[in-house]
There are 2 protein chains.
Amino acid sequence: MGFDRLIARIRALQNPTVAGLDPKLSYVPEFIRREAFSRFENPFEAAAEAILTYNKGLIDALCDVVPAVKPQCAYYEMYGWQGMRTLAQTIAYAKEKGMFVITDGKRNDIGATMQAYAAAHLGETQLDGGVLLPAFDADALTVNGYLGTDGIAPLTEVCTKKDKGIFVLVKTSNPSSGELQDRLLGEEPVYRAMGAMCERWGEGTVGQYGYSAVGAVVGATYPQQLEELRAALPHTFFLVPGYGAQGGGAKDVAPAFDKNGDGAIINSSRGILCAYQKAGCEEHAYAEAARKEAIRMRDDIISAL
Amino acid sequence: MGFDRLIARIRALQNPTVAGLDPKLSYVPEFIRREAFSRFENPFEAAAEAILTYNKGLIDALCDVVPAVKPQCAYYEMYGWQGMRTLAQTIAYAKEKGMFVITDGKRNDIGATMQAYAAAHLGETQLDGGVLLPAFDADALTVNGYLGTDGIAPLTEVCTKKDKGIFVLVKTSNPSSGELQDRLLGEEPVYRAMGAMCERWGEGTVGQYGYSAVGAVVGATYPQQLEELRAALPHTFFLVPGYGAQGGGAKDVAPAFDKNGDGAIINSSRGILCAYQKAGCEEHAYAEAARKEAIRMRDDIISAL
């Protein structure tokens, strides 16, 4: 119920962070790429294979330290349907290793279509003869609430049935997020209105730690809004991107947490994925470098709480 | 440039409509499903194959009457990576038959990630050794502008380079669209602010018919807003969902067009896809029934202009 499974895992590992799996091919060590491209003629097949190998290495190195991974759909779609196969295989592998998987798809649509997205990413697809099978089967999905309640209700239904969660974009980490999100609707900015909708959409799905199945994306790059939203949205669990490469630090993300140190999970993608490049270490040690950076990040954030 | 290719095709066929390809497996005639499920053991493989056969039949029957198709991503993702392969194959087939393809993905993210989506759906993916290849390669993509300019700029760049277009969600067709979109930012509702951003984002990409490469999604179910937005956004081409099954009629969509009868394309999905069920005709005639409904829809809309 709510984000109980995720919060329990965060508590067990004492690590409120998530590793973003945004595997651009140029991040993949050359020895992995060379091996894959020598085996497959089709470059999309080869890229998808290289990324899967890279991801598995990262997951192996991170799974006993980091509670969750967040594959970003765009970096799988970019490699065609073969990339989407790698997404499905990555999700399955991470779950096998005990990780909570958040698919970062920022999906949105009208109700009937949102049912299809909910089935695709969190639930099960109706196949022939009444057979129901999961397609991508993540634990949580990021979504965009611009279409209102119709676009969210099919998701909360699946969340309740399958013990899953969603994160709605509230205040995003990018420089231009304020163009719409900071504009005032009467007294309150758009992001506050979206946050209030998250609280409403989450009603009836609150779990044992006090958080509902409807979380919010709030960027580390806007610490004031993080603090304001933490106070305003007591049942909304936060997914916080923007730490590291995008400029947010441990002090910036501290306001995302509640008094118990719950309430948020902080994402780092490039910082972990490219740790071996930044550290200038041998590329065969890419997973070890990722693990070291993940531990550094954990300690950095825990020390600020 | 702009939506010139689409507008030229609409004029040539005298038909400002687009067929939505939202192929739920239950819409696919039984003889196609039976054949596919007898050939493939894996139900996702079978479903993907059945949908591809169904789509090809529809495209064959529609391509000399209807200028464009709009595959809805959700109904392909629902069938896993095999469904995404069917999406790629459907796009390629429709283009081969001269149709303009709008991928309805409502994608959105921060700048760096939006580059990946732009590559995936409209541009080319950088593979090993500097090789550039298209992944899904549609002519246009629907997107969500909640993140502001950062999330749109990577797309307009690809649009300019590859003569493609995007449609930004402005006023959606669903019942709850007003929860955020109708709320007032000072004097103007959110959808007007989003519309104004579309005009700005489209600057420098206006084609010979006066429309930019940045279009807008405006629902047929809100005819007043359609009229208001047509007047306010002279360079923004409209993709109008909500005709037919969602309740919009020809009179409702007429205000989407400019004085020359340009400026908009009206979508119908279920109406065309399920025409054979509605007409009660033999399921082998599904494509013929779709064609008949597409012609009826064309005549209905043209008569209201």
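Only a predicted model underlies this, so the values are computations on that prediction, with no experimental measurement involved.

Peer 1: Hey, could you run me through the overall build of chain A in this one?
Peer 2: A count of helical and extended segments in chain A gives 14 helices and twelve strands. For chain A, the C-alpha radius of gyration of 19 Å lies close to 19 Å, the compact-globule estimate for 305 residues. Expressed as lengths along the three principal axes of its C-alpha atoms, the size of chain A is roughly 60 × 55 × 35 Å. Looking at the 305 residues of chain A, the share that counts as buried comes to 64%. For chain A, the share of sequence-separated contacts (at least 6 apart) that also reach a separation of at least 24 residues comes to 73%. Here chain A displays about 10500 Å² of accessible surface, and carbon together with sulfur accounts for 49% of that area. Charge-centre separation for chain A: the mean point of 30 positive side chains lies 3 Å from the mean point of 37 negative side chains.

Peer 1: What is the right way to read the sheet that holds strand E10 (residues 214-218) of chain B from this model?
Peer 2: Two orientations exist for strands paired in a sheet by backbone hydrogen bonds: parallel and antiparallel. Residue and element names in this part refer to chain B. The eight strands lie next to each other as E1-E2-E3-E6-E7-E10-E11-E12, forming a closed barrel whose pairing is parallel. Strand-to-strand twist across the sheet, computed as the mean angle between neighbouring axes with direction ignored, equals 30°. As paired elements, E10 and strand E11 (residues 238-240) share two bridges and run parallel to each other. If you follow Val217 over to E11, its bridge partner there is Leu239. Across the face of the sheet, helix H14 (residues 286-304) comes into contact with strand E1 (17-21) and strand E12 (264-268) while running at roughly 140° to E12.

Peer 1: Just checking my understanding: could you explain the sheet that holds strand E3 (residues 100-107) of chain A for this structure?
Peer 2: Residue and element names in this part refer to chain A. Ordered in space as E1-E2-E3-E6-E7-E10-E11-E12, the eight strands form a closed barrel in which the pairing is parallel. For this sheet, the mean angle separating the axes of adjacent strands, direction not counted, is 30°. Sheet contacts for helix H1 (residues 4-13): strand E2 (68-71), E3, strand E7 (165-171) and strand E12 (264-268); angle to E12, the most-contacted strand, approximately 75°.

Peer 1: Just checking my understanding: could you explain the relation of the copies chain A and chain B for this structure?
Peer 2: Two chain copies here: they are related by a rotation about an axis and a translation along the same axis. For the match of chain A to chain B, the screw axis carries a shift of 0.0 Å, the RMSD comes to 0.0 Å, and the turn is 180°. Within this description, the copies of the chain are treated as partners about a two-fold rotation axis. It is Leu185 of chain A whose C-alpha, among those of chain A, lies nearest the rotation axis, at 2.4 Å. In this assembly the copies share their binding face: 100% of the residues contributing to the interface of chain A also contribute to that of chain B.

Peer 1: Would you mind showing me how to read the pairing of E2 of chain A here?
Peer 2: The side chains of a regular strand alternate, first on one face of the sheet and then on the other. All names here are of chain A. The alternating pattern of E2 places Ala68 and Lys70 on one face and Val69 and Pro71 on the opposite face, and all of these are buried. Of the pairings in the sheet, the one linking strand E1 (residues 17-21) to E2 comprises four bridges and is parallel in character. Its bridge partner being in E2, Leu21 is matched across the sheet by Pro71.

Peer 1: What's the story with the interface of chain A and chain B in this structure? I'm lost.
Peer 2: In many reports, interface size means the accessible area that the parts give up when they come together. Every contact between the two is made by 70 residues of chain A and, on the other side, 70 residues of chain B. Roughly 5600 Å² is buried in total at the junction of chain A and chain B, and carbon and sulfur atoms are behind 60% of that figure. One salt bridge connects Arg107 of chain A with Glu77 of chain B, and the closest N-O pair in it is separated by 3.1 Å. Here chain A is connected to chain B by 39 residue pairs in polar contact (both at pLDDT 80 or more). Residues belonging to the side of chain A that touches chain B are distributed by class as follows: 38 nonpolar, 19 polar and 13 charged.

Peer 1: Honestly, the UniProt feature "active site" (unreviewed entry) in chain A in this entry has me stumped. Any pointers?
Peer 2: Feature annotation in UniProt places "active site" (unreviewed entry) on Lys106 of chain A, given in this structure's numbering. Those residues in contact with Lys106 of chain A, other than ones at most four positions away along the chain, are Gln72, Thr142, Val143, Asn144 and Leu169 of chain A together with Lys106, Asn108 and Asp109 of chain B.

Peer 1: Is there a simple way to explain the pattern of salt bridges in this structure?
Peer 2: Pairs can form between side chains of opposite charge once their charged atoms are near each other. Overall, the coordinates contain 50 salt bridges over all chains when judged by the stated rule. With its nearest N and O atoms 3.6 Å apart, the salt bridge here joins Glu124 of chain A to Lys162 of chain A. With Glu124 of chain A in the loop between helix H6 (111-121) and strand E4 (125-126) and Lys162 of chain A in helix H7 (residues 153-162), this pair connects stretches of sequence that are 38 residues apart. Exposure remark for Lys162 of chain A: the relative accessible area of 31% places this residue in the partly exposed category. Members of the salt-bridge network, linked through shared partners, are Lys70, Asp104 and Lys106 of chain A together with Asp109 of chain B.

Peer 1: Looking at this structure, I do not really get the UniProt feature "domain: Orotidine 5'-phosphate decarboxylase" (unreviewed entry) in chain A. What am I missing?
Peer 2: The positions that UniProt labels "domain: Orotidine 5'-phosphate decarboxylase" (unreviewed entry) are, in the present scheme, residues 16-289 of chain A. Here residues 16-289 of chain A runs as 42% helix and 18% strand, with 19 Å between its end C-alpha atoms.

Peer 1: Which parts of the structure should I look at to understand the pairing of E3 of chain A?
Peer 2: Residues and elements named next belong to chain A. Extensive coverage of E3 is indicated by the burial of eight of its eight residues. Sheet topology note: the E2/E3 ladder contains two bridges and is parallel. Following the sheet pairing, Val69 is matched in E3 by Val101. Direction of pairing for E3 relative to strand E6 (residues 140-143): parallel, over a ladder of three bridges. Of the residues in E6, the one forming a bridge with Thr103 is Leu141.

Rules behind the numbers
Residues numbered from 1 in each chain as written. Chains lettered and ligands numbered in written order. Predicted model: local features only at pLDDT ≥ 70, side-chain atom pairs only at ≥ 80, totals over all residues. Heavy atoms only, no water. Helix = DSSP H or I, 4+ residues; strand = E, 2+ residues; numbered from the N terminus. Rg over C-alpha atoms; globule rule 2.2 N^0.38 Å. Buried < 20%, exposed > 50% of the residue type's maximum accessible area, 1.4 Å probe, protein only. Contact = heavy atoms within 4.5 Å. Areas by Shrake-Rupley, 256 points an atom, 1.4 Å probe, with all protein chains shown as cover. Lys, Arg positive; Asp, Glu negative; His and termini not counted. Charge placed at Lys NZ, Arg CZ, Asp CG, Glu CD. Pairing = 2+ DSSP bridges. Axes fitted to C-alpha atoms, helices over the stretch in contact; angles between N-to-C directions. Least-squares fit on C-alpha atoms with pLDDT ≥ 70 in both. Buried area = accessible area lost by both parts, 1.4 Å probe. Salt bridge = Lys/Arg side-chain N within 4 Å of Asp/Glu carboxyl O. Polar contact = N/O pair within 3.5 Å; in protein donor to acceptor, adjacent residues only side chain to side chain. Nonpolar A, V, L, I, M, F, W, Y, C, P; charged D, E, K, R; others polar. UniProt positions renumbered as here; feature names shortened; annotations may be inferred.

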